[in-house]
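Reading the structure
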Amino acid sequence: MFKIFHIPLRRLNTVSIPCLILVGSIFILQSCLPLYSDSQNNGESEQSVNMAVENDMAVLPQVAPPDYIRSIELFRNSPGGVPVITLNSNESLTLRFDELAGTVNTFTVRLRHYNADWTESSLISGQVNRGFQDDVIGGGTPGMGQSPSYFSYSYSFPNRELGIRVSGNFMIEVSDYNTREVLFSLPFFVMEDRGRLDASISEFFQGRNFPYHQVFAEYYFPEFVNLPLTDIDIYFTQNQFWGRSVRASQRDVSSPDYIRLHNDRNEGFPGRYEFRPLLIDDIFSISRDVIEVRPERDPPLIRLQYDVVDLDVNPRPSRSYAYGAPKPGRSARYTEVEFNLDRPSFMAPDEEVYVLGSFTNWNLSESQRLTYSEADDAFSARIFMKEGRYDYVYAVRTNSGIDDLRLAAFFAQSSQDYQIRVYFRDQQENYDRLLQYGSLRSR
């Protein structure tokens, strides 16, 4: 049994990217997707108290931030927008983050170029950048009388000092100005807008009547592509979890004008990935999901109602905050949020349960592990975050990584967003050019 959705692709130069795109793909494909681990995070600060946990939502070279760097955003146009821009256009990306500190600081920023599979490309800095090799971020804005104190930083690029010459996969790295230590990095993409891309989604069912998605793409390639079977690659991503991208394994070049590509069924994306909403616009604004607010504490504490997996029929919000929407402005406060999860009947008390969400940009650390209480027969954890709107899920750590499907309720009919990237292997320049990008949503 299957359904076919034919959905027109939205292209960057014609339609703005909506803010809903960054929610999560779930199928753990170890044969083709690397797990993120702390062994790759050689830029992690010694001051961080977080210990990285394997998490395949991040791409392999990505550096998770230390504990004092918070509320990170990287977007095009508006918060939540997919970080993709067109080469040689007026489009730009905006990076925002907070540092928990008592004094203003200075940071350096650098762009690194990667191949389609996130191996580092052979291009040197002069081939990738216009202007300088790196730039400076300073002039932080202090929070207004908040405890802990913090400074907010914002940086837009490309700009006169830090331009981009080529297309492809990139990483923006933010380092401490004095020590040159890489504090964190985030992926983004630069595309050329060459050729035409069409796509559709096929829905099929397997196991416990759970739907999965295959993505089918047709790419009408430009004239300079002579060997599309070997020189063209397409990657599919569900909801901007770039570390879980799937390279199209099935391809058809029977037509002289275009190539058809899709992922195999055993690489299917979950058709329903449900997120729990966390809406804390203000610590004094009590919602139905809150048990208690203690503003007199330092920091304040918000205790959430107990989440239930066995019978979760709460309606989901129409808007997603999968990549987070930290509250802007100097008056925004940081608070502790207590998450509570009733132990499902199928779960043992000693299993490793984590809360995973956009309040940490889907980075996962040991500080997000829930503790089991025998008296309450429930798991709980307190997470430090800024007021704002976020999505979160509960996940279980297994021998093979993080399983974020096991504790989903699957009652809601949820839409999924997909990003499609078309690469051309430039044999002369020896790097992967990103020719086209598109996105579509399941119904």
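Residues numbered from 1 in each chain as written. Predicted model: local features only at pLDDT ≥ 70, side-chain atom pairs only at ≥ 80, totals over all residues. Heavy atoms only, no water.

Okay, the pairing of strand β5 (residues 107–114) next. Of all the 8 residues making up β5, 6 are buried; the element is thus mostly covered by neighbouring parts of the structure. Note: β5 against strand β7 (residues 134–137), 4 bridges, orientation antiparallel. By the bridge assignment for β7, Phe107 is matched with Ile137. The pairing of β5 with strand β11 (residues 168–176) spans 8 bridges and is antiparallel. (Buried < 20%, exposed > 50% of the residue type's maximum accessible area, 1.4 Å probe, protein only. Helix = DSSP H or I, 4+ residues; strand = E, 2+ residues; numbered from the N terminus. Pairing = 2+ DSSP bridges.)

Taken in spatial order, the 5 strands line up as β3-β12-β11-β5-β7 in an open sheet, and their pairing is mixed. Strand pairing shows two members of the sheet lacking a second neighbour, β3 (84–86) and β7, which therefore form its edges. Strand-to-strand, the axes of this sheet are offset by a mean angle of 35 degrees, without reference to chain direction. Sheet topology note: the β3/strand β12 (residues 182–191) ladder contains 3 bridges and is parallel. Bridge pairing in β12 links Thr86 to Met191. (Axes fitted to C-alpha atoms, helices over the stretch in contact; angles between N-to-C directions.)

This part covers the packing of aromatic side chains. In the structure shown here, the tally under the stated rule is 26 aromatic pairs. A centroid spacing of 6.1 Å and a plane angle of 25 degrees characterise the contact between Phe204 and Tyr212, whose relative ring orientation is stacked. The exposure classification of Phe204 matches that of Tyr212, with both residues buried. Feature note: the residues Phe339, Phe359, Tyr390, Tyr392 and Tyr394 constitute an aromatic cluster, connected by ring pairs. For Arg180, the ring lying beneath its charged end belongs to Tyr177, and the centroid distance is 5.2 Å. One cation-aromatic arrangement involves Arg265 over Phe204; the distance from NZ or CZ to the ring centre is 4.4 Å. (Phe/Tyr/Trp six-rings, centres within 6.5 Å; stacked < 30°, edge-to-face > 60°. Lys NZ or Arg CZ within 6 Å of the ring centre and 35° of its normal.)

Glancing now at the nonpolar core. Counting 47 residues, the largest nonpolar core has Leu95, Phe97, Ile172, Phe184 and Phe188 as its most contacted members. With near-sequence residues (within four places) excluded, Leu95 lies in contact with Ile72, Glu73, Leu74, Ile137, Tyr153, Ser154, Tyr155, Ile172, Val174, Phe184 and Leu186. Within the second largest apolar cluster, 24 residues are counted, among which are Val290, Ile302, Phe339 and Met385. (Core = buried A, V, L, I, M, F, W, Y, C linked by side-chain atoms within 4.5 Å. Contact = heavy atoms within 4.5 Å.)

This next bit is on the pairing of strand β28 (residues 388–398). Side-chain positions along a regular strand alternate between the two faces of the sheet. Within β28, 8 of the 11 residues are buried, which leaves it mostly tucked inside the rest of the structure. The sheet contact formed by strand β20 (residues 276–280) and β28 spans 5 bridges and is antiparallel. Among the inter-strand pairings, Leu279 is bridged to a residue of β28, identified as Arg389. Strand direction decides the pairing type here: strand β23 (residues 325–326) and β28, joined by 2 bridges, are antiparallel. Each residue of the ladder has a partner; that of Pro326, found in β28, is Gly388. Bridge analysis of strand β25 (residues 353–357) against β28 gives 5 bridges, and the strand direction is antiparallel.

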